[in-house]
Amino acid sequence: MRHIIHELSFGDQILEQHVPGNFNPLGGTDKTGGDGAMAALSSHEYIMRIVPAIYENISGDRKQAYQYSFAYKKYVSYSHGGVMMPAIWFRYDLNPITVKYTEKRRPFYAFLTTVCAIIGGTFTVAGLIDSFIFTASEIFKKAEIGKLN
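Summary of the structure given here. The structure presented is a predicted model; accordingly, all values stated were derived computationally and were not measured. (Residues numbered from 1 in each chain as written. Predicted model: local features only at pLDDT ≥ 70, side-chain atom pairs only at ≥ 80, totals over all residues. Heavy atoms only, no water.)

**Observations concerning the environment of D61**
Our working definition: To qualify as a helix, a DSSP run of H or I must reach at least 4 residues; to qualify as a strand, a run of E must reach at least 2; elements of each kind are numbered from the N terminus. Relative accessible area decides the class of each residue, using a 1.4 Å probe on protein chains only: under 20% of the type maximum gives buried, over 50% gives exposed, and in between gives partly exposed. Contact between two residues is taken to exist if any of their heavy atoms lie within 4.5 Å; hydrogens are not considered. Whenever two N or O atoms come within 3.5 Å, that pair is a polar contact, provided that in protein one can donate a hydrogen and the other can accept it, and provided that, for residues adjacent in sequence, both atoms are side-chain atoms.
Residue position: D61 is located in the loop between β4 (43–56) and β5 (62–75). Judged by its relative accessible area of 48%, D61 is partly exposed. Taking the C-alpha atoms as reference points, D61 and L128, 67 residues apart in sequence, are found 51 Å from one another. Apart from residues lying up to four places away in sequence, D61 is in contact with Y55 and E56. Among the polar contacts made by the side chain of D61, one reaches the side chain of S59 at a distance of 3.3 Å.

Pasting the structure below:
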């Protein structure tokens, strides 16, 4: 049995690209190609593990969606009378754990800490370079007057 799955999703659509997760992994699945006559007699089984997900954006809007992963199996079923009629099976297992995605803005003190770290790092590197140049110049002066030992 040949088929195309254009979309298979559960709950609200989360269109934000930065949200991790598989909300429509079977979308665009194409099983129209095959291995001759056996492709028409093959049954297809999709075993899905569905996990509830809540997405809350920065303005407080909440969306209830479900992300899932799947396993695929293709087989030909036989019975006493020969080959059984092909079918497409969608089996699912709901997970009792909910994943929550919350969009948050970084606080202002994080920005201040980053700026202070950059300034402090710049002064540290400048101090190391100054110390290296001073020490090198002192060694060079001692070498000129012959008091290096």
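That shown, we press on.
**Details of the packing of aromatic side chains**
To keep it simple, the criterion reads: Only the six-membered ring of Trp is used, alongside the rings of Phe and Tyr, when aromatic pairs are assigned; centres must lie within 6.5 Å, and planes under 30 degrees apart are stacked while those over 60 apart are edge-to-face, with the rest tilted. Here, over-ring charges are defined by two tests on the NZ atom of lysine or the CZ atom of arginine: distance to the ring centre within 6 Å, and angle to the ring normal within 35 degrees.
Using the criterion set out here, one finds five aromatic pairs in the structure. Aromatic pair Y46 and F90: ring centres 5.2 Å apart, planes at 10°, arrangement stacked. Taken together, the residues Y46 in strand β4 and F90 in strand β8 (residues 88–94) connect sequence positions 44 residues apart. Using a relative accessible area of 0% as the deciding quantity, one classes Y46 as buried. Taken together, Y46, F70, Y72 and F90 form an aromatic cluster joined through their ring pairs. Of note, K31 hangs over the ring of Y72, and the distance from its end group to the ring centre comes to 4.0 Å. Between the NZ or CZ atom of R91 and the centre of the ring of W89, over which it lies, the distance is 4.8 Å.

**Things to note about the environment of I119**
As for its placement among the helices and strands, I119 is situated in helix α2 (residues 108–145). Along the sequence, I119 and Y109 sit ten residues apart, while their C-alpha atoms lie 15 Å from each other.

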